[in-house]
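# Remarks on the overall topology
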Amino acid sequence: MNTASASLPVITIDGPSASGKGTVAERVATALGFHFLDSGALYRLTALSAMKQGVALDDEAAVAQLAAALPATFRDGAVWLAEENVTDTIRAEAVGEGASKVAALPAVRAALLDRQRAYRQAPGLVADGRDMGTVVFADALAKVFLTASAEARAERRYKQLIEKGNSANLPALVADMQARDARDTARAVAPLKPAADALLLDTTQMDIESAVRAVLSHYQRKQGN
Ligand code: C5P
């Protein structure tokens, strides 16, 4: 990070899976005309890349090498791995599960650090993930930790899957979600936890618009300080 980009405003939105942080972060970025980083997509792409190449998800050195050289691009609202459009593929539960496994490996996290920080460009950035406010952009101007009950999150994921024509099983989704949260929270490096200075936003009973408004007013308050 150079000194010019260090002064650019960053809003971090962290939280567990299916808490709505991706949608909220994207809308906040659009409202402000900021860049948007979906850091989870980078972990998903790393897992997918390993799965495609037959690299074991616990082979730390080999997976880190893939992460460092990831031929990933985000363009036209789609996610690309080299020349392949993997927008839908990376959303599969199996890839999410794989992402959470490779994300526990310190060398993989280190390999993705600079790539994430490079998204800090004018006029500003909204970044969503697990460790945006605690590690990657620890100096962010405004930090938010978005939560919702495991049941509410599983129901949201269930609706998304059904809408896309996939089959889904609600109890299995709740179990998967709890397992993923447990792994993300318990890992030694960059565990899922709110930054000390984060605004906690429980969206169990909140719609997307209200969550977006809450994040924008938190940012405006911080700007005024
Ligand atoms: O946010 P999403 O569900 O796409 O992330 C997939 C997985 O990637 C998470 O379960 C988590 O293990 C990992 N992740 C992470 N740090 C981030 C973003 C995602 O460890 N900043």
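Residues numbered from 1 in each chain as written. Predicted model: local features only at pLDDT ≥ 70, side-chain atom pairs only at ≥ 80, totals over all residues. Heavy atoms only, no water.

### A closer look at the nonpolar core
- In this structure, Leu37, Leu45, Val86, Ile90, Val108 and Phe137 are the most contacted members of the largest nonpolar core, which totals 30 residues.
- Elements with a minimum of two residues in this core: α3 (39-53), α4 (60-68), β4 (78-81), α5 (93-102), α6 (106-117), β6 (125-129) and α7 (132-136).
- Apart from the residues lying within four places of it in its own chain, the contact partners of leucine 45 are Leu70, Ala72, Phe74, Val79, Leu81, Val86 and Ile90.
- Grouped together as the second largest cluster of nonpolar side chains are 17 residues, Phe34, Val126, Leu201 and Ala211 included. (Core = buried A, V, L, I, M, F, W, Y, C linked by side-chain atoms within 4.5 Å. Buried < 20%, exposed > 50% of the residue type's maximum accessible area, 1.4 Å probe, protein only. Helix = DSSP H or I, 4+ residues; strand = E, 2+ residues; numbered from the N terminus. Contact = heavy atoms within 4.5 Å.)

### Let's talk about the packing of α3 against α6
- Contact geometry of α3 with α6 gives a least axis separation of 11 Å together with a crossing angle of 135 degrees. Relative to α6, the element α3 lies oblique. α3 and α6 meet at a crossing whose hand is right-handed. Taking contact as the criterion, the partners of Ser39, Leu42, Tyr43 and Thr46 in α3 are, on α6, Val108, Arg109, Leu112, Arg115 and Gln116. (Axes fitted to C-alpha atoms, helices over the stretch in contact; angles between N-to-C directions. Parallel < 35°, antiparallel > 145°, perpendicular 65-115°, else oblique. Left-handed = near helix turned anticlockwise from the far one by under 90°.)

### Let's talk about the sheet that holds β4
- Read across the open sheet, the three strands follow the order β3-β4-β5; overall the sheet is antiparallel. Because the sheet does not close on itself, it has two edges, and the strands there are β3 (72-75) and β5 (84-85).
- As judged from the four bridges shared by β3 and β4, these two strands associate in the antiparallel manner. Across the sheet, the residue bridging to arginine 75 is alanine 78, located in β4.
- Sheet contacts for α3: β3, β4 and β5; angle to β4, the most-contacted strand, approximately 35 degrees. (Pairing = 2+ DSSP bridges.)

### So, unusual backbone geometry
- At the junction of alanine 122 and proline 123, the peptide bond is cis and its omega measures out at 5 degrees in the coordinates.
- Within the secondary structure layout, proline 123 lies in the loop between α6 and β6.
- A positive phi angle, close to 55 degrees, is found at alanine 82, a residue other than glycine.
- With respect to the element layout, alanine 82 can be found in the loop between β4 and β5.
- On the basis of relative accessible area, alanine 82 is assigned to the partly exposed category, the value being 38%.
- Positive phi is not limited to glycine here, since alanine 190 has a value of about 45 degrees.

### What about the pattern of salt bridges?
- Evaluated as defined, the whole model comprises 12 salt bridges.
- The closest approach of N and O atoms between lysine 52 and glutamate 84, which form a salt bridge, is 3.0 Å. Residue lysine 52 is found in helix α3, and its partner glutamate 84 is found in strand β5; the two are separated by 32 residues along the sequence.
- Classification of lysine 52 as partly exposed rests on a relative accessible area of 47%.
- Residue arginine 180 is joined to glutamate 93 by a salt bridge in which the shortest nitrogen-to-oxygen separation is 3.9 Å. Taken together, the residues arginine 180 in helix α9 (residues 170-186) and glutamate 93 in helix α5 connect sequence positions 87 residues apart.
- Linked by salt bridges that have partners in common, Glu93, Arg157 and Arg180 make up one network. (Salt bridge = Lys/Arg side-chain N within 4 Å of Asp/Glu carboxyl O.)

### A word on the site of the ligand
- Taken together, 17 residues form the shell around the ligand, and within it Arg44, Arg109, Arg130, Asp131 and Asp184 come nearest.
- At a separation of 3.5 Å, an oxygen atom of the ligand approaches a polar side-chain atom of lysine 21.
- Arginine 109 places a side-chain nitrogen or oxygen 2.8 Å from an oxygen atom of the ligand.
- In isolation the ligand has 450 Å² of accessible area, and contact with the protein removes 98% of it.
- Counting only elements with at least two residues in the shell around the ligand, the list comes to α3, α5 and α9.
- The leading source of residues in the shell around the ligand is α3, at four residues. (Near = heavy atom within 4 Å. Polar contact = N/O pair within 3.5 Å; in protein donor to acceptor, adjacent residues only side chain to side chain. Areas by Shrake-Rupley, 256 points an atom, 1.4 Å probe, with all protein chains shown as cover.)

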